[in-house]
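# Examination of the molecular architecture
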Amino acid sequence: MTRVALDGRMLRHDRAGIGRYIWRLQEALATLPQDGIEIELLADRRGGLPSRPSLPMRPAFAPVRGRLERFLLPRALRGIDLVHYPDHGVPNGVRTPAVVSVHDISFLTHPATHDAASRRHYARATRSWRRARAVVVPSEHVRATIVGRDLVDEARLTVIPYAPGLVATNDARRERVWPGPFALMVGTIQPRKNVELTAQAFGASAFARQGTLLVAGALGYRGAEIVRGVRTKRRSDAVRFLGRVSDEMLVRLLSQAEFVLMPSLDEGFGLPALEAMACGTPVIATRVGTVPEVVGEEALLIEPDDAEGLTEAIDRLADDADLRAALGARGRARAKGFRWERTARETLAVYEANA
């Protein structure tokens, strides 16, 4: 029997982003037949899981990214034949054969959007890719960037897209979460998300006279500075920061928004755009990173530095109910092609090939 560990220690700190990827993946892996392979979820024994996991749990005390990780983690992995690290790299000091997930490469394409500690972490993670038996990425954009920089040989790279983990229900649409019409942004407030330019573009739109831009996400690197910058923009009172929200609230926000904005400078995948599409909500996004791969022709795309273009796209969607309905229906149909069962099945194949 081959024993595989999916490293879920990040769940103690991150319920969005990497945390959501880990949780949805372990749920889907647990539904698949596993001949000759046994998968466990490595979890921080101090807790932090959203609920009871679907995979068997292996509790461990080895704080992720901590100074003692290199000494504590090998003990937690005794008896494991292969470990899947979802935090971009193989931790120092670990010799167990590894698979790594690299979710985005903004630390390579836009390093100034990360703080110094983050840049150091990703620099170490990038060097560790050569020690991994396989590297899993969510898109052709990420794969091409890594190959183009000669960071991993192409034979060890596998593209496995994500899938929406939030799907609208009738209940999510019933009770209004905001008294008037609103647009929505979802994501950690940090430079890469382009929040200040979006606030500027939104404030210049006719829609801002009657509608609100709601921003759902925790403060990240330079987050407080970004919020202060937004407050200097025209009609800044039409922009409201909600902070981190629950999955239940996020489904309601995605379902009730007039449209969702994803104006990022770079995205490794762009899951909020896909989840908006799964809810039947139209999307305006930037023509960068993986986003065009995800949304296809079913969204309005602009350049990341084009504030005027974003304003025009906002008013175009706000004024055209037929266009919103058409994009929403086409987006919902496209989102059905992304399934966690497929993500798990292709990930399991990577485990089997590298254990």
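My aim in this report is to walk through the structure given alongside it, one point at a time.

Conventions we followed
- Residues numbered from 1 in each chain as written.
- Predicted model: local features only at pLDDT ≥ 70, side-chain atom pairs only at ≥ 80, totals over all residues.
- Heavy atoms only, no water.
- Helix = DSSP H or I, 4+ residues; strand = E, 2+ residues; numbered from the N terminus.
- Rg over C-alpha atoms; globule rule 2.2 N^0.38 Å.
- Contact = heavy atoms within 4.5 Å.
- Lys, Arg positive; Asp, Glu negative; His and termini not counted.
- Charge placed at Lys NZ, Arg CZ, Asp CG, Glu CD.
- Pairing = 2+ DSSP bridges.
- Axes fitted to C-alpha atoms, helices over the stretch in contact; angles between N-to-C directions.
- Buried < 20%, exposed > 50% of the residue type's maximum accessible area, 1.4 Å probe, protein only.
- Parallel < 35°, antiparallel > 145°, perpendicular 65-115°, else oblique.
- Left-handed = near helix turned anticlockwise from the far one by under 90°.
- Nonpolar A, V, L, I, M, F, W, Y, C, P; charged D, E, K, R; others polar.
- Arc of directions from axis to C-beta.
- Phe/Tyr/Trp six-rings, centres within 6.5 Å; stacked < 30°, edge-to-face > 60°.
- Core = buried A, V, L, I, M, F, W, Y, C linked by side-chain atoms within 4.5 Å.

### Brief notes about the overall build of the protein
Counting its secondary structure elements, the protein contains 14 helices and 13 strands. Taking 20 Å as the expected radius of gyration for a compact globule of 355 residues, we find that the protein reaches 20 Å, a close match to that expectation. Overall, the protein is about 60 × 40 × 40 Å in size when its C-alpha atoms are taken along their principal axes. Taking contacts inside the protein between residues at least 6 apart in sequence as the whole, the part at least 24 apart equals 68%. Across the protein, the centroid of the 51 positively charged side chains sits 7 Å from that of the 42 negatively charged ones.

### Here's the deal with the sheet that holds strand β7 (residues 157–159)
Spatially, β3-β2-β1-β4-β5-β6-β7 is the arrangement adopted by the seven strands of the open sheet, whose pairing is parallel. Looking at which strands have only one partner, the edges of the open sheet turn out to be β3 (57–60) and β7. Averaged over neighbouring strand pairs, the angle between their axes works out to 25° when direction is ignored. As judged from the three bridges shared by strand β5 (residues 98–101) and strand β6 (residues 134–137), these two strands associate in the parallel manner. Directly across from Ser101, in β6, lies its bridge partner Val136.

### Observations regarding the pairing of β5
In the case of a regular strand, side chains alternate between the two sheet surfaces. A two-sided burial pattern is seen for β5, the buried positions comprising Ala98 and Val100 on one face and Val99 and Ser101 on the other. One ladder, built from three bridges, connects strand β4 (residues 82–85) with β5; its direction is parallel. Bridging from a neighbouring strand, Tyr85 pairs with Val100 of β5.

### Focus: the packing of helix α10 (residues 271–278) against helix α13 (residues 321–335)
Contact pair α10 / α13: the axes reach a minimum separation of 7 Å and the direction vectors enclose 110°. Taken together, the axes of α10 and α13 are roughly perpendicular relative to one another. With respect to the hand of their crossing, α10 and α13 are arranged in left-handed fashion. The residues of α13 that touch α10, namely those facing Leu274, Met277 and Ala278, are Gly328, Gly331, Arg332, Arg334 and Ala335. Classifying every residue of the contact of α10 with α13 by side-chain character gives four nonpolar, two polar and two charged.

### A short note on helix α8 (residues 223–230)
Taken residue by residue, α8 has Gly223, Ile226, Val227, Gly229 and Val230 as its buried positions. Buried residues in α8, looked at end-on, bunch into an arc of 160°, giving them a common side. Where α8 is buried, its residues contact α7 (195–203) and β10 (239–243).

### A look at the environment of Pro91
Its location among the elements puts Pro91 in the loop between β4 and β5. Separated by 21 residues in sequence, Pro91 and Arg70 place their C-alpha atoms 6.7 Å apart. The contacts of Pro91, once residues within four sequence positions are left out, are Arg9, Glu69, Leu73, Tyr85 and Arg131.

### Observations regarding the sheet that holds strand β13 (residues 300–302)
Read across the open sheet, the six strands follow the order β10-β9-β8-β11-β12-β13; overall the sheet is parallel. The open sheet is flanked by β10 and β13, the only strands paired with a single partner. Averaged over all adjacent pairs, the angle separating strand axes in this sheet is 25°, with direction ignored. The strands touched by helix α9 (residues 247–256) within the sheet are β8 (182–186), β9 (212–216), β10 and β11 (259–262), with β8 carrying the most contacts at an inclination of about 135°.

### Structural notes on the packing of aromatic side chains
By the definition in use, this model includes nine aromatic pairs. For the pair Tyr162 and Phe269, a centre-to-centre distance of 4.8 Å together with 50° between the ring planes defines the contact as tilted. Of this pair, Tyr162 sits in the loop between β7 and α6 (170–174) while Phe269 sits in the loop between β11 and α10; the two residues are 107 residues apart in sequence, bridging distant segments of the chain. Each member of the pair Tyr162 and Phe269 is classed as buried. Measuring from ring centre to ring centre gives 5.8 Å for Phe202 and Phe207, while their planes differ by 90°; the resulting arrangement is edge-to-face. What makes Phe202 buried here is its relative accessible area of 0%. According to the relative accessible area criterion, Phe207 is buried, its value standing at 4%.

### Overview of the nonpolar core
Core analysis: the largest hydrophobic core is formed by 61 residues, its most contacted members being Ile22, Leu25, Leu29, Leu184, Leu254, Val283 and Tyr351. Ranked by the residues each element gives to this core, the list is headed by helix α1 (residues 18–29), at seven residues. Judged by nonpolar contacts, the second largest core, of 30 residues, contains Phe202, Ile284, Ile314 and Leu327.

### Some remarks on the environment of Ile284
Relative to the helices and strands, Ile284 resides in strand β12 (residues 283–286). Sequence separation of Ile284 and Val260 is 24 residues, and the distance between their C-alpha atoms is 6.3 Å.

### Focus on the side chain of Gln190
Note on placement: Gln190 falls in the loop between β8 and α7. Taking relative accessible area as the criterion, Gln190 reaches 12% and is therefore assigned buried. Once you skip the residues sitting within four places of it in the chain, Gln190 turns out to touch Thr113, Tyr221 and Ile226.

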